[in-house]
Amino acid sequence: MLTISLIREKKDFIIERLKIKNFDAEDILEKIISLDTARREKQTRADLLHGEMNIISRDIGSLIKEGRQNEAEEAKEKTYKIKEEIRSLTDELGPIDEELRSEIIKLPNLPHHSVSHGHGADDNVKVREGGEITALPEPALPHWDLIKKYDIIDFDLGIKITGAGFPLYKGKGARLERALINFFLDEGVKAGYREMMPPVVVNEDSGFGTGQLPDKEGQMYHVGLDNLYLIPTAEVPVTNIYRDSILNAAELPVKNVAYTPCFRREAGSWGAHVRGLNRLHQFDKVEIVQIAHPDRSYEALEEMVNHVESLIVKLGLPYRIMRLCGGDMSFTSALTYDFEVWSGAQKRWLEVSSTSNFESFQANRLRCRFREKGNKQTQLVHTLNGSALALPRIVAAIIENNQTGTGIRVPQVLVPYTGFEMID
RNA sequence: GGAGAAAUGGCAGAGUGGUCGAAUGCGGCGGUCUUGAAAACCGUUGUCCUGCUAUCGUGGGACCGGGGGUUCGAAUCCCUCUUUCUCCGCCA
């Protein structure tokens, strides 16, 4: 959510920046500014009347104390009209506030100046790449065949238990999954992140705080009876730790890492490219989250990008890092890097991490601020997060790229975690 | 799930209708003293909205778990929701 002060002061700047995201903000901004003006005018008037009321009420108090009943009654008479006026102002104010809010949350975050204009994935900019794409023994099997061949992930049983998109990990498949989770968490802790294990269902306030609600309501599983949501990412609970809080500048940056299962309804997004592990309703992910000082949030982003990259390098997967163009970026992000690994048998790049700086966009919704030592004023923090990493596509790439014809070689860094070198 | 009690500033904890944004203590910050530190003493100490001011500031308003109500006036009374605690029941 953009701050109202920015909207008031930099309307034209916002219009220009949002063109990068192919978003026409002009009409919304006009509306916001006129609503805001009306709101302030009425609020000021109401405050003034409240002030008057406070004075009269105080006087009535002392009049009664002094036993001057008649004068007190006269003063009461005076308040009735003022009270009524306040009430009608308040009644008008409610809908204005509501509409103002609903308009403001329609505005996406402003993209960072390095973000290029574009309409979709084809316009993303390759920042760098690494690893080697090696030839696989023929016939190279896609992961959905390999998992059956070695009986490590079972979609049919997942369907039986729950439904499509809820796989059952079996034997060495389950061990591999757990090994990756532990490896990612350990690496995060080594990099200075504090490990967290948050709830995986959240309330409405949390959903709103990180921007899933109200616009992406249909993407989350909703527990109607208790009005709770299954998290689509650990970003939601972990960032909401800091909702409604004021941090000391000295505490920044706050760095947390968390493993959670993630739940996504993925309504309407099934198609040709989502076979097997490519898209699931439930999957495992380790997420890194930082709360940073605004002056240093891009350093933090850089650091996070390097961390994610190091994980992929250690797993020995060919990868590339893409800077998303305006059209492919999320609503809330100011700058996003996507990490893609090469899936040898599918012969395509799979997105395994999205690492973003949200600047103050989430912080404003979260009301998460910080204070510089010796300074009275608070200002909004910057929030960042990134997958480090999302498991299913990593698993897909590992088992496709490391197939030997007689088995699947486990990456060396994982062997201490799995306890075996081959899946066969 | 049943019965009862409670929710106040960073924390502890007063306050049961009238200058209460809120006593007091602790903590924090600034100062005096000291070679330095501690102790002691003095001062200061929330958030949000808004007006004025180039700035330090300063005026007004709101906020005592959330929402609603009664009243000229609510931290204080009423309703409701949420949460916490105690007892009982159930239970990984």
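Relevant structure appears above.
Residues numbered from 1 in each chain as written. Chains lettered and ligands numbered in written order. Predicted model: local features only at pLDDT ≥ 70, side-chain atom pairs only at ≥ 80, totals over all residues. Heavy atoms only, no water.

K.L.:
Explanation requested: the sheet that holds strand β11 (residues 319–323) in the structure shown.
P.N.:
The 8 strands are arranged β1-β11-β12-β13-β16-β10-β9-β4 in an open sheet whose pairing can be described as mixed. Among the strands making up the open sheet, the edge pair consists of β1 (125–130) and β4 (194–196). Pairwise comparison of adjacent strand axes, ignoring direction, gives a mean angle of 25° for this sheet. Direction of pairing for strand β10 (residues 282–292) relative to strand β16 (residues 382–390): antiparallel, over a ladder of 7 bridges. (Pairing = 2+ DSSP bridges. Helix = DSSP H or I, 4+ residues; strand = E, 2+ residues; numbered from the N terminus. Axes fitted to C-alpha atoms, helices over the stretch in contact; angles between N-to-C directions.)

K.L.:
How should I be thinking about the protein's contact with RNA strand B in this particular structure?
P.N.:
The environment of RNA strand B is formed by 22 residues, the closest being Asp47, Ser57, Arg369, Arg371 and Thr378. Taking the atoms of RNA strand B that fall within 4 Å of the protein, sugar and phosphate contribute 76% of them. Residue Thr79 places a side-chain N or O atom 3.4 Å away from a sugar or linking oxygen belonging to RNA strand B. At 2.3 Å from a phosphate oxygen of RNA strand B is found a side-chain nitrogen or oxygen belonging to Arg371. Among the secondary structure elements, those contributing two or more residues to the surface near RNA strand B are α3 (26–65), α4 (69–104) and β14 (368–371). Of the residues that constitute the surface near RNA strand B, the class distribution is 5 nonpolar, 8 polar and 9 charged. (Near = heavy atom within 4 Å. Polar contact = N/O pair within 3.5 Å; in protein donor to acceptor, adjacent residues only side chain to side chain. Nonpolar A, V, L, I, M, F, W, Y, C, P; charged D, E, K, R; others polar.)

K.L.:
How should the pattern of salt bridges be read in this particular structure?
P.N.:
When the charged atoms of two side chains with opposite charge come close together, those side chains can pair. Scanning all chains against the criterion turns up 26 salt bridges. We note a salt bridge from Asp36 to Arg39, for which the minimum N-O separation is 2.9 Å. Linking Asp36 with Arg39, this pair stays in helix α3, spanning 3 residues, or about one helical turn. On the accessibility criterion, Arg39 (23% relative accessible area) is partly exposed. Arg39 serves as the salt-bridge partner of Asp97, at 3.7 Å between the closest nitrogen and oxygen. Of this pair, Asp97 sits in helix α4 while Arg39 sits in helix α3, and the two are 58 residues apart along the sequence. With a relative accessible area of 34%, Asp97 lands in the partly exposed category. The network of salt bridges with common partners includes Arg8, Asp36, Arg39, Arg40 and Asp97. (Salt bridge = Lys/Arg side-chain N within 4 Å of Asp/Glu carboxyl O. Buried < 20%, exposed > 50% of the residue type's maximum accessible area, 1.4 Å probe, protein only.)

These results come straight from atomic positions and should not be treated as a statement about function.
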